[in-house]
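If you want the building blocks of each chain, they are given just below.
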Amino acid sequence: MVFDADGCVRGAAQKDFTQFFPHPGWVEHDPDEILASQLNCARAALVDAGIAAAELAALGITNQRETTILWERSTGRALAPAIVWQDRRTAAACDRLRADGHADLIRARTGLELDAYFSATKLAWLLDNVPDARRRAEAGELAFGTVDSWLVWHLSGGALHVTDPGNAARTMLFNIRSGDWDDQLLALFGIPRALLPRIVDSSGVCGESHADVLGAAVPIAGIAGDQQAATFGQACFVPGMAKNTYGTGCFLLMNTGDGIVASTNRLLTTVGWRARGRTRYVLEGSIFMGGAIVQWLRDGLGLIRHSGEIEALAASVPDSGGVVLVPAFTGLGAPYWDAYARGALFGLTRGTGAAHIARAALEAIALQTVDLVAAMDRDGAGPLKELRVDGGAAANDLLMQLQADLLGVPVVRPQMLETTALGAAYLAGLGVGVWSCEDEVAAHWRAERRFEPAMDADRRDALIARWHRAVGRSRGWAEA
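Per chain, residue numbering runs from 1 following the sequence as it is written. A pLDDT threshold of at least 70 governs which residues receive local features in this predicted model, and a stricter bar of 80 or more applies before side-chain atom pairs are shown or counted, although totals over entire chains, interfaces and linings include all residues. Hydrogens and water molecules were not included; the side-chain quantities draw on all heavy atoms of the structure.

Focus on the overall build of the protein chain
Then, number 1: Helices and strands together make up the secondary structure of the protein chain, namely 17 helices and 22 strands.
Then, number 2: Rg of the C-alpha trace for the protein chain: 22 Å, near the compact-globule value of 23 Å for 480 residues, within the 12% margin.
Then, number 3: Overall, the protein chain is about 60 × 50 × 45 Å in size when its C-alpha atoms are taken along their principal axes.
Then, number 4: For the exposure calls, accessible area comes from a 1.4 Å probe over protein chains only, and a residue counts as buried if that area is under 20% of its type's maximum, exposed if over 50%, partly exposed in between. Relative to its 480 residues, the protein chain shows a buried fraction of 58%.
Then, number 5: Residue contacts are counted whenever heavy atoms from the two residues lie within 4.5 Å of one another. When contacts within the protein chain are restricted to residue pairs at least 6 apart in sequence, long-range pairs at least 24 apart make up 72% of them.
Then, number 6: Calculation of accessible area relied on Shrake-Rupley with a 1.4 Å probe; when residues are assessed, cover is drawn exclusively from the protein chains displayed. Just so you have it, the protein chain exposes about 18200 Å², and 51% of that area is on carbon and sulfur atoms.
Then, number 7: When charges are counted, Lys and Arg are positive and Asp and Glu negative, with His and the chain ends excluded. Charge coordinates come from a single atom per side chain, which is NZ of Lys, CZ of Arg, CG of Asp or CD of Glu. Across the protein chain, 44 positive and 55 negative side-chain charges occur, with their mean positions spaced 3 Å apart. Elements are defined by DSSP. Helices are runs of H or I of four residues or more, strands are runs of E of two residues or more, and each kind is numbered from the N terminus. In this setup the radius of gyration rests on C-alpha atoms only. A globule is expected at 2.2 Å times the number of residues raised to 0.38.

Quick look at the packing of aromatic side chains
Then, number 1: Between 30 and 60 degrees the pair is tilted, below 30 it is stacked and above 60 it is edge-to-face, where a pair is any two Phe, Tyr or Trp rings, Trp via its six-membered ring, whose centres lie within 6.5 Å. For the coordinates displayed, the defined rule picks out 16 aromatic pairs.
Then, number 2: Both rings, one in Y426 and one in W435, keep their centres 5.0 Å apart while their planes meet at 80°; by these two values the pair is edge-to-face. You'll find Y426 and W435 in the same group, each marked buried.
Then, number 3: The rings of W85, Y117, F118, F251, F288 and W337 are connected pair by pair, giving a single aromatic cluster.
Then, number 4: We count a charge as sitting over a ring when the NZ of a lysine or the CZ of an arginine lies within 6 Å of the ring centre and within 35 degrees of the ring normal. Between R89 and the ring centre of W26, over which it is positioned, the NZ or CZ distance is 3.7 Å.
Then, number 5: A cation over an aromatic ring shows up here: R388 above the ring of W445, its NZ or CZ 3.6 Å from the ring centre.

Considering the pattern of salt bridges
Then, number 1: A side-chain nitrogen of Lys or Arg and a carboxyl oxygen of Asp or Glu constitute a salt bridge if their distance falls within 4 Å. Enumeration according to the criterion identifies 32 salt bridges in this entry.
Then, number 2: For R77, the salt bridge goes to E72, with nearest N and O atoms at 3.6 Å.
Then, number 3: A salt bridge links D182 to R109, with the nearest nitrogen and oxygen atoms 2.9 Å apart. One end of the pair, D182, is in the loop between β10 (180-181) and α8 (183-189); the other, R109, is in helix α3 (residues 103-110), with 73 residues separating them in the sequence.
Then, number 4: According to the relative accessible area criterion, R109 is partly exposed, its value standing at 23%.
Then, number 5: Overlapping salt bridges bring together R65, E66, R170, D226 and E284 as one network.

Description of helix α6 (residues 147-155)
Residue pairs spaced three or four apart in an α-helix point in one direction, given the helix's 3.6 residues per turn.
Then, number 1: Among the nine residues of α6, nine are classified as buried, and the element is accordingly described as predominantly covered.
Then, number 2: Within α6 the residues assigned to the buried category are V147, D148, S149, W150, L151, V152, W153, H154 and L155.
Then, number 3: The first or second residue beyond α6 is G157, which carries a positive phi of 65°.

Digging into the layout of surface pockets
Then, number 1: Using protein atoms alone on a 1 Å grid, points that fit a 1.4 Å probe yet trap it form a cavity, whereas open point sets bounded by protein on both sides within 12 Å along at least five of seven lines form a pocket; residues with an atom within 4 Å of a point count as lining. Grid points are joined across faces, edges and corners, and a volume is the space filled by probe spheres set on the points. Volume-wise, the second largest pocket comes out at about 280 Å³.
Then, number 2: Forming the walls of the second largest pocket are 14 residues, and the residues nearest its centre are A275, R276, L430, C437 and E438.
Then, number 3: At the level of elements, β12 (203-208), β16 (268-275), β17 (278-287) and α15 (419-432) are the ones that each hand at least two residues to the lining of the second largest pocket.

Observations concerning a nonpolar patch on the surface
Then, number 1: Surface patches are defined over residues having more than 30% relative accessible area and no salt bridge, joining like charges when they lie within 9 Å and nonpolar side chains (Val, Leu, Ile, Met, Phe, Trp, Tyr) when within 5 Å. A cluster of nonpolar side chains, contributed by V205, V432 and V434, occupies part of the molecular surface with about 200 Å² of accessible area.
Then, number 2: Among the secondary structure elements, V432 is positioned in helix α15.
Then, number 3: By relative accessible area, V432 is classed as partly exposed at 32%.

Quick look at the side chain of Q234
Then, number 1: Its location among the elements puts Q234 in the loop between α10 (226-233) and β14 (242-246).
Then, number 2: Residue Q234 is classed as buried on the basis of its relative accessible area, which comes to 0%.
Then, number 3: Setting aside residues up to four positions removed in sequence, Q234 forms contacts with K243, R388, V389, D390, P414, T419 and W445.

Thoughts on the nonpolar core
In a soluble, globular protein the nonpolar side chains are often hidden away together inside.
Then, number 1: Residues L70, I191, L195 and Y246 are the most contacted members of the largest nonpolar core, which totals 109 residues.
Then, number 2: In this structure, L70 is in contact with R77, A78, L79, A80, L123, L126, L127, A133, L142, A143 and L195, ignoring residues within four places of it in sequence.
Then, number 3: Nonpolar core, defined: a set of buried Ala, Val, Leu, Ile, Met, Phe, Trp, Tyr and Cys residues in which side-chain atoms within 4.5 Å join the residues together. With 31 residues, the next largest nonpolar core counts L39, L59, A82 and A216 among its residues.

Quick look at α10
Then, number 1: Most of α10 sits out of view: eight of its eight residues are buried.
Then, number 2: Along α10, the residues classified as buried are D226, Q227, Q228, A229, A230, T231, F232 and G233.
Then, number 3: Once α10 ends, the next one or two residues include A235, with phi positive near 60°.

Description of the environment of E55
Then, number 1: Turning to its location among the elements, E55 is positioned in the loop between α1 (31-49) and β4 (59-63).
Then, number 2: E55 sits in the exposed class, given a relative accessible area of 55%.
Then, number 3: It is 42 Å that separates the C-alpha atoms of E55 and A404, two residues lying 349 residues apart in sequence.
Then, number 4: In this structure the side chain of E55 is engaged in a polar contact, spanning 2.8 Å, whose partner is the backbone nitrogen of A52. Within 3.5 Å is the distance limit for a polar contact, defined as a pair of N or O atoms, with the added protein rule that one can donate a hydrogen and the other accept it, and that residues adjacent in sequence qualify only through two side-chain atoms.

Re the environment of A92
Then, number 1: Here A92 is to be found in helix α2 (residues 91-99).
Then, number 2: Of the residues examined, A92 reaches a relative accessible area of 40% and is grouped as partly exposed.
Then, number 3: Measuring from C-alpha to C-alpha, the distance between A92 and G476 comes to 13 Å, with 384 residues separating the pair along the chain.

Observations regarding the packing of α1 against α6
Then, number 1: One can describe the packing of α1 onto α6 by two numbers: an axis separation of 11 Å at closest approach and a directional angle of 65°. Crossing of α1 over α6 shows right-handed handedness. Two secondary-structure elements touch here, α1 through P31, D32, I34, L35, Q38 and L39 and α6 through V147, W150, L151, H154 and L155.
Then, number 2: Put simply, Ala, Val, Leu, Ile, Met, Phe, Trp, Tyr, Cys and Pro go in the nonpolar bin, Asp, Glu, Lys and Arg in the charged bin, and everything else, Gly too, in the polar bin. Tallied by class, residues from the contact of α1 with α6 come to eight nonpolar, two polar and one charged. Every angle, taken between N-to-C directions, lies between 0 and 180 degrees, and every axis is a line fitted to C-alpha atoms, over only the stretch in contact when it is a helix. By definition, turning the near helix anticlockwise from the far helix through less than a right angle yields a left-handed crossing, and turning it clockwise yields a right-handed one.

Read these as spatial facts, not as claims about activity.
Take a look at the structure:
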């Protein structure tokens, strides 16, 4: 996406790339396909904007976090498929580390739960399963990175091996208090430091793209994981402000300012962004299945032909008819962190139809978010006054009304739903002086619609209680 100084879109391009599921619980991407799709889209977006690369003030990158790529420094060639954040192949390794008593150390140093979601065990798996990888890593021949590092490496022609603190904080190898890679954690996971990227500010020039890549050398001045970028794009700059992104998963982030809020309710304490040497922290709840539930209804069950049909189908019935969908297809994220939970449909009767399942799917997205907000309240980070929303599923009016009803607070949808890309643009623009401060950025934020809660408290409480009964019965299923 190409943005101008008013935060308006001047050009855009997008392209799907393939997801691979080679074994149950495994999710992979092709690193070369990721790279090619992004470079082709960048060039197409410039054409759409009618400008040349030389006219760009800066380049910002935002990326799926935790996804783990291992490549050869001499050639830039990936040595294996990217292990995606949703991948669960290392759940047993995490169980062993937990049984050995390492979970508290990891939480204290990283702010994260010990879980296969994060990069550390994925990287260890690659080192142990790619032939000769560990020896080559220790010899300094290989590089690890999340997708931001992979893209910057290739944009810069191999000159830059960097990441920002927000992405680093998602690896389970980064100490959020010292702001650097943690030697004790590297030893615990068996990760050679020589593999790791240099940590740079989320906003600020760290280098430039090679002129051959886009047609001109462009300063690379913004790097942020997708959820941190969306929080920035939503202008959640004041402690207590929160946003929820409804993408493949759902990710609720609340700004906690300069302070680290240590969660006692299994939320993640993580870095939001670092600019001009100042770090902002967030409290995060991660939901593995958000919009992906709708994709499953479309591709797995064939209940709809296009994702956009879900709203009309779900709205054709007044309620779910007692049906509850627990979307634990790849386990449950926060606040449960149950790698062995599995998806389940409860409450089916002969009267159940496709519309009831569709409505239960939307309710499942909203109810998972309710669990996150309740956990934040218990951690003392609330109370939430309003929730800013973005991502593809935020365009669904019924889902947004259900979210407001089940949370009991207003849900606010901005005019610009592509807040992840916008946040990357804001970080890059701040890094080169297009905007001078966060207040100047916040002035561009505009609400498109505000959804006010309309459900009575007894109905809300009953739906939440039923949801918790269903979640309880889906947990630990794969262990049986």
